[in-house]
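Architecture at a glance
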Amino acid sequence: MGILLGVIADDFTGATDIASILVREGMRTVMSIGVPAPAFDVHDADAVVVALKSRTTPVAEAVAQSLDALTWLRAHGAEQIFLKYCSTFDSTAKGNIGPVADALSDALDAKIAVVCPAFPKNGRTVFNGHLFVGRQLLQDSPMKDHPLTPMRRSDLVSLMAEQSAHSIGLVPHDVISAGDAAIADAFGRSVEAGQRYVVTDAIHDDHLRAIGRAVCGHKLVTGGSALAMGLPANFGISPRKPAERESTSSASPRTAILAGSCSAATRQQLARATALWPSRRIDLDAIANKRPVVEETLSWAQSQPAGQPVVIYGSADPAEVEENQARYGAQQAGAMMEHTLAAIAEGLVANGVSRLLVAGGETSGAVISALKVQGLSIGAEIAPGVPWTTTLSDRPLQVALKSGNFGGPDFFERALDISV
Ligand SMILES: Nc1ncnc2c1ncn2[C@@H]1O[C@H](COP(=O)(O)OP(=O)(O)OP(=O)(O)O)[C@@H](O)[C@H]1O
Ligand SMILES: O=C(O)[C@@H](O)C(=O)CO
């Protein structure tokens, strides 16, 4: 028997985010880093999540990678495809959400697909087509200062219309609240009007579950991870009990926290972590000036007490990020920091670190790729959208990939209290 649901995620943290929701809702789920290799073991999975690093790559590359993932997922029986993007609709001026959705819907001959990044438990809601982060419109939230995908508008219909070749509709909250029949009618009208996509409002989880029921049978679904909570039921699968939370034993594995995310949430979490544990800041100028940053950081980490995590971060506030970007270019500044953190991760693992917490989607992509991880199994949830995972490899590592904006101020402390 093949898999039921195939997920194409545009970054690695987003992939673990949706995988943990599918697991919680009862789906046996495996996550592949990149398009699975021929030997990738699907076991008896109901869902496979393919984690790509396609959020900020050139459009053609993102489309090609996503189509490769689609080919693999369909060959393995996927009945429905979910394109997972960020709950803050992170995209560049050229995409990549629209062009990838267009390519997937063309390949699937999908007449309609919803667009719904809402994740109410993490404060992301869609109201009259506008995306909110907490009480702020997306464009007023800290996402306006994101180093790679600054989001300076909030109207999802026009954001999607700019990126896609197709016309876009909106199913507002009153229709969503009116229930399944009203939503199905609205979708039918959108198809008749020739709209390929419908942005759906969603303010709380019940809305997402209703939309989930309404997309039963859609070949393509697009959205944030929370929209996936309603999908397993369409395949006759019901939720499982959440994994038990236990304290880790006193013999904790050697642990490192690596942060490249510059989000307000990560910087707040780092403020606490650096007050608790040995920490070291990575300076972008030092990297640019070819100082031996990786070697120096590794030897510093080796000299720290083994029983405590080490905290290594490049994260900076918006003013400093802006200065760095003016000096080196946004892409180059990001790439220099990502490569450096990835090389540090490789060295740490070689030196015996076996538990890694990584903050930031691009950063996680760089770290996990450098460690040549091929897949992850999903464990206990630390915070909504952030599970512990174990690498599928001969020497398994415990890894948590935290989306920049996820988790409360005590995220890192909580994570270390929860067993994988
Ligand atoms: N001091 C710095 N100056 C400039 N860029 C930086 C600096 N520190 C980190 N960066 C870059 O900022 C980017 C942060 O993106 P990343 O996806 O890792 O975090 P995020 O966007 O907060 O997380 P998510 O995508 O999960 O929301 C990375 O490319 C990182 O290398
Ligand atoms: O949807 C989210 O916010 C996250 O899963 C993510 O994609 C951040 O990179």
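The shown structure was predicted, so the numbers you read here are calculated from the model rather than taken from an experiment. (Residues numbered from 1 in each chain as written. Chains lettered and ligands numbered in written order. Predicted model: local features only at pLDDT ≥ 70, side-chain atom pairs only at ≥ 80, totals over all residues.)

1. Some details on the domain arrangement of the protein
Here the protein is partitioned into domain 1 (5-234) and domain 2 (255-417). Here the C-alpha centroids of domain 1 and domain 2 sit 26 Å apart. Looking at the side of domain 1 that touches domain 2, the elements with two or more residues in it are α1 (12-24) and β2 (29-33). When residues in the side of domain 1 that touches domain 2 are grouped by element, the largest group, eight residues, is from α1. Here the residues of the side of domain 1 that touches domain 2 are counted per class, giving twelve nonpolar, ten polar and six charged. (Domains from an automatic or database assignment. Helix = DSSP H or I, 4+ residues; strand = E, 2+ residues; numbered from the N terminus. Nonpolar A, V, L, I, M, F, W, Y, C, P; charged D, E, K, R; others polar.)

2. What to know about the sheet that holds strand β8 (residues 136-137)
Two strands in a sheet stick together by hydrogen bonds in their backbones, pointing the same way (parallel) or opposite ways (antiparallel). With antiparallel pairing, three strands are arranged side by side in an open sheet as β6-β7-β8. Among the strands making up the open sheet, the edge pair consists of β6 (124-127) and β8. Looking at chain direction, strand β7 (residues 130-133) and β8 are connected through two bridges and run antiparallel. Considered in β8, the bridge of V133 is made with Q136. (Pairing = 2+ DSSP bridges.)

3. Re the site of ligand 2
Looking at ligand 2, there are 13 residues lining it, with G14, D17, S87, G361 and S403 nearest. The greatest single-element share of the shell around ligand 2, amounting to three residues, is contributed by α1. Here the residues of the shell around ligand 2 are counted per class, giving two nonpolar, nine polar and two charged. When we break the shell around ligand 2 down by domain, the ones giving at least three residues each are domain 1 (5-234) and domain 2 (255-417). (Near = placed C-beta within 6 Å.)

4. A word on the environment of A69
The residue A69 is located in helix α2 (residues 59-75) in this model. For the pair A69 and M27, spaced 42 residues apart in sequence, the C-alpha to C-alpha distance is 20 Å. Residues contacting A69, with those up to four places away along its chain left out, are I8, V35, V50 and L52. (Contact = placed C-beta atoms within 7 Å.)

5. Observations concerning the UniProt feature "domain: Four-carbon acid sugar kinase N-terminal" (unreviewed entry) in the protein
Per the UniProt entry, the sites bearing "domain: Four-carbon acid sugar kinase N-terminal" (unreviewed entry) are residues 5-231 in this numbering. Annotation note: span residues 5-231, helix share 35%, strand share 22%, distance between end C-alpha atoms 9 Å. (UniProt positions renumbered as here; feature names shortened; annotations may be inferred.)

6. Remarks on the nonpolar core
Core analysis: the biggest nonpolar cluster contains 125 residues, and V49, V50, I211 and L258 have the highest contact counts within it. For this core, the leading source of residues is helix α13 (residues 330-350), giving eight residues. Among the domains, domain 1 (5-234) and domain 2 (255-417) are the pair contributing at least three residues each to this core. For I211, the residues in contact, after removing those within four places along its chain, are V114, C116, I176, I183, T200, A202, L227 and G230. (Core = buried A, V, L, I, M, F, W, Y, C linked by C-beta atoms within 7 Å. Buried ≥ 20, exposed ≤ 12 C-beta atoms within 10 Å, placed from the backbone.)

7. Comments concerning α13
Between its first and last C-alpha atoms α13 spans 30 Å; for 21 residues at 1.5 Å apiece the expected length is 30 Å, and the two agree. Those residues of α13 not exposed but buried are A333, G334, M336, M337, E338, T340, L341, A342, I344, A345 and L348. Two residues or fewer after α13 comes G352, characterised by a positive phi angle close to 110°. (Expected span 1.5 Å × (residues − 1).)

8. Some remarks on helix α6 (residues 180-192)
Helix length check: α6, at 13 residues, gives a terminal C-alpha distance of 19 Å against a target of 18 Å (1.5 Å per residue), a fit within 8%. Directly beyond the C-terminal end of α6, a positive phi value near 75° is found at G194.

9. Describing the site of ligand 1
Near ligand 1 lie 28 residues; those nearest to it are S261, G334, G360, G361 and G404. Where the shell around ligand 1 is concerned, the elements lending two or more residues are α12 (318-328), α13 and α14 (361-370). Ranked by the residues each element gives to the shell around ligand 1, the list is headed by α13, at four residues. Counted by class, the shell around ligand 1 contains eight nonpolar, 16 polar and four charged residues.

10. Comments concerning the pairing of strand β1 (residues 5-9)
Summarising burial for β1: five of the five residues are buried, a large majority. The two faces of β1 match: L5, V7 and A9 on one face and G6 and I8 on the other face are all buried. As paired elements, β1 and strand β4 (residues 80-84) share five bridges and run parallel to each other. Across the sheet, the residue bridging to A9 is K84, located in β4. Bridging between β1 and strand β3 (residues 47-51) involves five bridges; their strand directions are parallel. Directly across from A9, in β3, lies its bridge partner A51.

11. Description of the pairing of strand β11 (residues 220-223)
Where burial is concerned, the two faces of β11 agree: the one with L220 and T222 and the one with V221 and G223 are both buried. With four bridges joining them, β4 and β11 adopt parallel strand pairing. Note on β11: the bridge partner recorded for L83 is T222.

12. Section: the packing of α6 against helix α7 (residues 205-214)
One can describe the packing of α6 onto α7 by two numbers: an axis separation of 9 Å at closest approach and a directional angle of 55°. Classed by the angle they form, the pair α6 and α7 counts as oblique. Considering how the two elements wind past one another, α6 and α7 form a crossing that is right-handed. Mapping the contact onto sequence places D180, I183, A184 and F187 in α6 and A210, I211, R213 and A214 in α7. (Axes fitted to C-alpha atoms, helices over the stretch in contact; angles between N-to-C directions. Parallel < 35°, antiparallel > 145°, perpendicular 65-115°, else oblique. Left-handed = near helix turned anticlockwise from the far one by under 90°.)

13. Section: the UniProt feature "domain: Four-carbon acid sugar kinase nucleotide binding" (unreviewed entry) in the protein
This chain's UniProt record puts "domain: Four-carbon acid sugar kinase nucleotide binding" (unreviewed entry) on residues 256-412. Helix makes up 46% of residues 256-412 and strand makes up 23%, while its end C-alpha atoms are separated by 10 Å.

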